[in-house]
Amino acid sequence: MLLLLLGFAFSEEIRWAQALKLLREKSYDSIIYLYEVKKSEGAYIQSKLFQNPTLSVNYTGLNFGKNIIYDTGNTLFSIRVDQPIELGNKRNYRKLSALHQLKATEYQREDLLRNLGLGLTSVYFQALSDNAYLEYLQQDLADFRKILKIQEEKQKLGFLSLIDFMKLQLYESDLENMLTQARATYKKDLKELSFYLGGGEYEPAKVEEKPKDVKLEELIEKAIQKRESIKALQEQIRSVDYQIRLLKAYRIPDISVGVEYDAFGVKYKPGVGFGFSLNLPIFDIKQGDLLTALATKQQLLMTLKKEEASIRKDISIAFEDYESSKRVYYSYLEKKNLMDDLLERVKKAYLLGGISTLDFLDTLRTYRAFMYAFLQARYQYIQSYYRLKILAGESYED
């Protein structure tokens, strides 16, 4: 037991809710996708800005002579400022399209966190299962060594054959090897958990909560209403709708309004004027871009239908997994007391000489295999419950 404690002495125990919180704050993928949100924020800010005005300055009337430049007196000096102005509500459509794309990106990040939560569920509960089996093997080895010590005294006194005693020693060696392998497996689990949580040394805390009864149709209905992947697609469709309006608005020409100051002639008499220019939407009115946007909208609508169908399928499969793992676990649970009682009876009978060494060791192997399956079934049952909750669209920290 001391070796076990030393091996994981520097690991911090972390509860399930804490692990999910760290997943959001520190996981690599979460931080990477946060910059996608920042990029969408930048696009939204950019969409709200007005176009810059243009300043132009002109001076004419200079002549070049021999080694000199001189003013002819017949000059023109002008300063002009032009401001492009979009008509047809283009800027507003562009801004709204970017706003809904920003919301879609935020939902996509939440959906990414939910998918990461599914992966964390497998890692977290597998680590719990492997740790429980490791603790069982540690205790099993300690109990076996007590029996081995008693049998060693019997062998010295001639009440146990050397062959039987060697069989017991070989079994002890097998247990030690299995314990070493189980410890290595658990360390691998912790490395995987650490990777999911963005680094650090963590151990999963035991989960004592008993899963609650769930209904398939309620889970599907809740998922359709709450899943971020659905909301992200809906926001993308809204964004494309405004993009389509923007592209159609390019049929309306934009203008550029200018104010000009001029000084001209021999006496540089000043004058102030204004003007405007108009781009004529004759050849390019974004026909190709509009066709692309319309196709994108239909594609998104079909993707939305596919996502809803995928959610129904995934939850139905996860529900079946949950129900089957529940039946398997309770099947093992019903036999647990029977197996515990059998083991104790066999130990007592062996120490009293009522059964052979082979029968005793065979019982120990059978019980160990049972305990491995029992622990796997228990944590698979709990894991399938939490996986179902995450797929159903519940807050991934619930």
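Summarised in this report is the structure supplied together with it. (Residues numbered from 1 in each chain as written. Predicted model: local features only at pLDDT ≥ 70, side-chain atom pairs only at ≥ 80, totals over all residues. Heavy atoms only, no water.)

## So, the overall build of the chain
- Tallying secondary structure elements over the chain gives 9 helices and 6 strands in all.
- The C-alpha radius of gyration computed for the chain amounts to 38 Å, which surpasses the reference 21 Å derived for 398 residues by more than 25%, pointing to a less compact arrangement than a globule.
- Summarising its shape, the C-alpha atoms of the chain cover approximately 135 × 60 × 30 Å along the three principal directions.
- Evaluated residue by residue, the chain yields a buried proportion of 38% over its 398 residues. (Helix = DSSP H or I, 4+ residues; strand = E, 2+ residues; numbered from the N terminus. Rg over C-alpha atoms; globule rule 2.2 N^0.38 Å. Buried < 20%, exposed > 50% of the residue type's maximum accessible area, 1.4 Å probe, protein only.)

## Considerations on the side chain of D254
- Relative to the helices and strands, D254 is located in the loop between α7 (228-249) and β5 (255-265).
- Within the structure, D254 has its side chain in polar contact with the side chain of K90 (distance 2.7 Å).
- Setting aside anything within four residues of it in sequence, one finds D254 in contact with I85, E86, L87, K90, S277, L278 and N279. (Polar contact = N/O pair within 3.5 Å; in protein donor to acceptor, adjacent residues only side chain to side chain. Contact = heavy atoms within 4.5 Å.)

## Quick word on the packing of aromatic side chains
- The tally for this structure, following the rule as stated, stands at 21 aromatic pairs.
- When the centroid spacing of 5.4 Å and the interplanar angle of 70° are considered together, the rings of Y124 and F125 count as edge-to-face. This pair shows no difference in class: Y124 is buried, exactly as F125 is.
- Above the ring of Y250, the side-chain terminus of K90 is found at 5.6 Å from the ring centroid.
- The aromatic ring of F50 is capped on one face by R91, whose charged end is 4.1 Å from the ring centroid. (Phe/Tyr/Trp six-rings, centres within 6.5 Å; stacked < 30°, edge-to-face > 60°. Lys NZ or Arg CZ within 6 Å of the ring centre and 35° of its normal.)

## Here we look at the side chain of S27
- Mapped onto the elements of the fold, S27 is located in the loop between α2 (16-26) and α3 (28-47).
- One polar contact links the side chain of S27 to the main-chain carbonyl oxygen of L23, over a distance of 2.6 Å.
- Setting aside anything within four residues of it in sequence, one finds S27 in contact with L22, L116, Y196, L197 and G198.

## What about the packing of α2 against helix α4 (residues 90-157)?
- Their axes nearest at 10 Å, the elements α2 and α4 cross at an angle of 135°. Judged by the angle between their axes, α2 and α4 are oblique. In this structure, α2 meets α4 at a crossing whose hand is right-handed. Side by side, α2 and α4 meet where W16, A19, L20, L23 and R24 of the first sit next to R109, E110, L113, L116, G117, L120, T121, Y124 and F125 of the second.
- In terms of residue class, the contact of α2 with α4 is built from 9 nonpolar, 2 polar and 3 charged. (Axes fitted to C-alpha atoms, helices over the stretch in contact; angles between N-to-C directions. Parallel < 35°, antiparallel > 145°, perpendicular 65-115°, else oblique. Left-handed = near helix turned anticlockwise from the far one by under 90°. Nonpolar A, V, L, I, M, F, W, Y, C, P; charged D, E, K, R; others polar.)

## Notes on the nonpolar core
- Judged by nonpolar contacts, the single largest core of 80 residues is most densely connected at L120, Y124, F125, F144, L197 and F360.
- Among the elements of the structure, α2, α4, α5 (162-196), α6 (216-226), α7, α8 (287-351) and α9 (357-391) are those that each provide at least two residues to this core.
- No other element matches the 18 residues that α4 contributes to this core.
- With residues near it in sequence (within four places) discarded, L120 still touches W16, A19, L20, L23, L193, Y196 and L197. (Core = buried A, V, L, I, M, F, W, Y, C linked by side-chain atoms within 4.5 Å.)

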